[in-house]
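Observations on the model geometry
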Amino acid sequence: MKDIIVDVITQTPGEFEKPSTSYKGRKYRSIIFLTDYAVAQFVEINNKLITKWKKGQIYTSNSNEEYASLNLSLKARNFMAAYHDSKKITVKDIKKALKTQCMIK
Amino acid sequence: MNKEKMKFKMIKFRGNWKDELQYYQANFGRDYLTKTLKDLKDKNKWKKLNKHSLFHKNYNVNRNTRGFVDPKHMPTLEKVRGIVGLNDCQVVILKYDQGQTNLYHRDYIPRHEHVERPDIKLSVRKEVGLSNFERLLLMLEDRKPGQYMQIGDRMINKWQAGDCYIYNGKVDYHSAGNCGDHPRWVLRITGEPTEKFNKFLKKKEIKI
């Protein structure tokens with residue numbers, strides 16, 4: 001099983017991730033929301049909008065699914081995107097992967 | 001559908017305007033608005049009125065472009081002006097390329113914004129500020145991946161060419177943007193409502 005890759009992202013007003021199916025060679029992509037949902041923050045997976053999330057929630061998609069996001073609110077949106085092979089992932093797994101990733105860098 | 005959540009009304013326009021979009025020119029820039037607002041003696045008022053544009057500028061946020069309807073090359077779109085029943089009707093094409101947005105905001109229509117092509121004369125208002133206006137958004141193409149719109153608490157990622165959204169932009173916060181590969185095209189219609197507009201609102205479908 002390949003290592004988990006973690007991206008930490010701050011999406012300021014107007015910033016976006018264009019529609020993509022890039023899973024960085026892994027089977028799954030999990031978003032970990034670091035801030036609560038605000039109206040006009042768009043997160044879409046396979047044509048389905050995700051809204052009203054809470055800080056700490058995780059949403060996983062598989063590599064067949066297209067994802068995109070766009071922040072049209074006036075607040076920054078913080079989240080982590082973890083790319084992994086195991087079907088389930090926990091915040092603990094992501095923190096561990098992030099720590100290893102930072103040490104390597 | 002929950003009526004509390006239904007922040008807008010929709011009327012379907014049917015017509016063929018696809019070929020007309022090739023004549024679009026981004027000839028209605030916001031520098032014009034800023035320049036006109038700067039003429040105001042009260043700087044605080046200028047800042048207040050131009051807050052939305054300043055926010056985009058300060059955060060380096062890329063905004064959509066806007067262009068007038070050219071009646072010679074866009075006869076179908078020009079017809080919309082006469083159909084909706086708005087006085088001093090301004091019709092502007094909005095184009096959102098990838099990364100272009102109009103962030104969360106409410107509308108105000110100062111008189112200098114309420115202008116159009118030089119060949120169309122509009123009534124001049126005395127006050128800069130809110131006026132009695134309606135604003136409609138007519139989707140000119142089917143929705144493509146990465147294109148979004150929000151009205152009130154409704155987040156929208158599905159629409160078809162011809163869907164016309166009518167909502168109270170003075171009250172309900174709204175936004176729109178595009179992070180996809182294809183441009184998002186919208187016809188923005190603004191004007192003062194007449195009795196004809198009230199009749200228009202009762203329709204479900206319009207052929208142009």
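Everything in this summary refers to the structure shown in the same document. (Residues numbered from 1 in each chain as written. Chains lettered and ligands numbered in written order. Predicted model: local features only at pLDDT ≥ 70, side-chain atom pairs only at ≥ 80, totals over all residues.)

**Details of the overall build of chain A**
Broken down by element type, chain A carries 1 helix and 8 strands. Of the regular secondary structure in chain A, the N- to C-terminal order runs β-β-β-β-β-β-β-β-α. Over its C-alpha atoms chain A spans a radius of gyration of 13 Å, differing by no more than 12% from the 13 Å that the globule rule assigns to 105 residues. Counting only C-alpha atoms and orienting by the principal axes, one finds that chain A spans roughly 35 × 30 × 20 Å. When burial is assessed residue by residue, chain A has 29% of its 105 residues classed as buried. Look at the contacts in chain A between residues 6 or more apart in sequence, and 77% of them connect residues 24 or more apart. (Helix = DSSP H or I, 4+ residues; strand = E, 2+ residues; numbered from the N terminus. Rg over C-alpha atoms; globule rule 2.2 N^0.38 Å. Buried ≥ 20, exposed ≤ 12 C-beta atoms within 10 Å, placed from the backbone. Contact = placed C-beta atoms within 7 Å.)

**Side note on the sheet that holds strand E2 (residues 16-20) of chain A**
Strands pair in a sheet through their backbones, by hydrogen bonds, and they do so in one of two ways: parallel or antiparallel. All names here are of chain A. Taken together, 4 strands build an open sheet; the order of strands is E2-E7-E4-E5 and the sheet is antiparallel. The sheet is open, and its two borders are formed by E2 and strand E5 (48-50), each paired with just one other strand. Each strand of the sheet is rotated relative to its neighbour by a mean of 25°, with strand direction disregarded. In terms of strand pairing, strand E4 (residues 41-45) meets E5 through 3 bridges, oriented antiparallel. When the sheet's bridge partners are listed, Ile 45 is paired in E5 with Lys 48. (Pairing = 2+ DSSP bridges. Axes fitted to C-alpha atoms, helices over the stretch in contact; angles between N-to-C directions.)

**Focus on the environment of Lys 144 of chain B**
Residues and elements named next belong to chain B. Tracing the chain through its elements places Lys 144 in the loop between strand E5 (134-139) and strand E6 (147-151). Taking the C-alpha atoms as reference, Lys 144 lies 27 Å from Glu 134; in sequence the two are 10 residues apart. Setting aside anything within four residues of it in sequence, one finds Lys 144 in contact with Gly 180 and His 182.

**Digging into the environment of Lys 24 of chain A**
Residue and element names in this part refer to chain A. With respect to the element layout, Lys 24 can be found in the loop between E2 and strand E3 (28-33). For Lys 24, a count of 13 C-beta atoms within 10 Å translates into the label partly exposed. Separated by 51 residues in the primary sequence, Lys 24 and Lys 75 have C-alpha atoms spaced 28 Å apart. Leaving out residues up to four positions away in the same chain, Lys 24 has contacts with Ile 5 and Tyr 83.

**Observations regarding the nonpolar core**
One broad rule of soluble globular proteins: the nonpolar side chains tend to lie buried together. Residues Leu 138, Val 186, Leu 187 and Ile 189 of chain B are the most contacted members of the largest nonpolar core, which totals 55 residues. No other element matches the 6 residues that strand E3 (residues 86-96) of chain B contributes to this core. (Core = buried A, V, L, I, M, F, W, Y, C linked by C-beta atoms within 7 Å.)

**Remarks on the sheet that holds E5 of chain B**
Residue and element names in this part refer to chain B. Strand order in this open sheet of 7 strands is E2-E3-E10-E5-E8-E1-E11, and the pairing throughout is mixed. The open sheet terminates on both sides in strands that have one partner only, identified here as strand E2 (65-68) and strand E11 (205-207). Each strand axis lies, on average, 30° off the axis of its neighbour in the sheet, ignoring direction. Where E2 and E3 come together, 4 bridges link them in antiparallel fashion. Its bridge partner being in E3, Thr 65 is matched across the sheet by Lys 95.

**Some thoughts on the interface of chain A and chain B**
Contacts between the two partners involve 20 residues from chain A and, on the opposite side, 20 residues from chain B. Contributions of two or more residues to the side of chain A that touches chain B are made by E2, E4 and strand E7 (67-71) of chain A. Sorting elements by how many residues they give to the side of chain A that touches chain B places E2 of chain A first, with 4 residues.

**Brief notes about the pairing of strand E8 (residues 77-84) of chain A**
Residue and element names in this part refer to chain A. The sheet contact formed by strand E1 (residues 5-11) and E8 spans 7 bridges and is antiparallel. Within E8, the position partnered with Val 6 by the bridge is Ala 82. Across 6 bridges, the pairing between E3 and E8 is antiparallel. Across the sheet, the residue bridging to Tyr 28 is His 84, located in E8.

**Comments concerning the pairing of strand E8 (residues 163-167) of chain B**
Residue and element names in this part refer to chain B. Of the strand pairs in this sheet, strand E1 (residues 8-14) and E8 are connected by 5 bridges, and their pairing is antiparallel. Across the sheet, Lys 12 pairs through a bridge with Asp 163, a residue of E8. Bridge count for E5 against E8 is 3 bridges, and the pairing is antiparallel. Following the sheet pairing, Leu 138 is matched in E8 by Cys 164.

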